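# Reading the structure
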Amino acid sequence: MSDPEHTILQTFSDYSEQTDLRFIQVRLHKDSHWINRTLESFALPQNLIIALVIRNGRSFIPNKDTLLVKNDILILAGEAYEPSESSLEEETIGKRDPRLNKRLEELYGQIPSILCIKRKDDFFIPTKDTLLLENDTFVYYKAKK
């Protein structure tokens with residue numbers, strides 16, 4: 001992982017292709033529960049780490065005392081998901097969708113548990129107050145029958 005011709009992210013990508021390790025990027029928005037907290041203040045599952053923080057265009061490897069701030073981009077590393085008894089599905093909200101402009105809390109029981117939403121070029125984890133907007137694509141868990 002020390003090839004000077006590659007960026008850290010390119011090296012991470014190369015490494016993930018050779019293992020069951022996967023990297024994802026998460027941007028901390030203003031309403032994130034992780035803002036103004038140190039890594040030590042919350043417990044991640046044993047098989048998940050924050051491998052890198054990108055702040056104001058600069059990358060660094062965090063430690064337990066790293067304070068996360070708004071707009072930090074976190075590179076998380078974890079084991080690859082291999083579907084067996086379940087799958088991840090996605091749906092997109094259209095102009096005439098009855099769920100359009102509804103808060104997730106209002107739709108409880110009418111839609112599956114949403115894992116994340118893609119809105120324009122951004123992915124985020126929704127809260128109960130998240131509104132479903134036109135062209136939102138949401139990912140949810142679906143058990144196989």
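Placed above this text is the structure.
Let us now look at the layout of surface pockets. Roughly 1,200 Å³ of volume is contained in the largest pocket. Contributing elements (two or more residues each) for the lining of the largest pocket: strand S1 (21–27), strand S4 (73–79), strand S6 (114–119), strand S7 (122–124) and strand S8 (137–143). Of the residues belonging to the lining of the largest pocket, the class tally is 21 nonpolar, eight polar and six charged. Here the second largest pocket is characterised by a volume of approximately 230 Å³. Taken together, Leu-104, Glu-105, Leu-107, Tyr-108, Gly-109, Ile-111, Pro-112, Ser-113, Ile-114, Pro-126, Thr-127 and Lys-128 make up the full set of residues lining the second largest pocket. Counted by class, the lining of the second largest pocket contains seven nonpolar, three polar and two charged residues.

What follows concerns the pattern of salt bridges. For the structure on display, the rule yields nine salt bridges. Between Asp-72 and Arg-55 there is a salt bridge, with its nearest N and O atoms 2.7 Å apart. With Asp-72 in the loop between strand S3 (58–60) and S4 and Arg-55 in strand S2 (residues 48–55), this residue pair connects regions lying 17 residues apart in the sequence. Asp-129 is the partner of Arg-103 in a salt bridge, and the nearest nitrogen-oxygen pair spans 3.2 Å. A residue pair is termed long-range when its members are at least 10 positions apart, and Arg-103 in the loop between strand S5 (86–92) and S6 and Asp-129 in the loop between S7 and S8 qualify at 26 residues. Under the relative-accessibility criterion, Arg-103 is labelled partly exposed at 27%. Of the residues examined, Asp-129 reaches a relative accessible area of 45% and is grouped as partly exposed. Here the salt bridges do not stand alone but share partners, grouping Arg-103, Glu-105, Lys-128 and Asp-129 into one network.

What counts, and at which threshold
- Residues numbered from 1 in each chain as written.
- Predicted model: local features only at pLDDT ≥ 70, side-chain atom pairs only at ≥ 80, totals over all residues.
- Heavy atoms only, no water.
- 1 Å grid on protein atoms, 1.4 Å probe; cavity = no way out; pocket = protein on both sides within 12 Å on 5 of 7 lines; lining within 4 Å.
- Points joined across faces, edges and corners; volume = space filled by probe spheres on them.
- Helix = DSSP H or I, 4+ residues; strand = E, 2+ residues; numbered from the N terminus.
- Nonpolar A, V, L, I, M, F, W, Y, C, P; charged D, E, K, R; others polar.
- Salt bridge = Lys/Arg side-chain N within 4 Å of Asp/Glu carboxyl O.
- Buried < 20%, exposed > 50% of the residue type's maximum accessible area, 1.4 Å probe, protein only.

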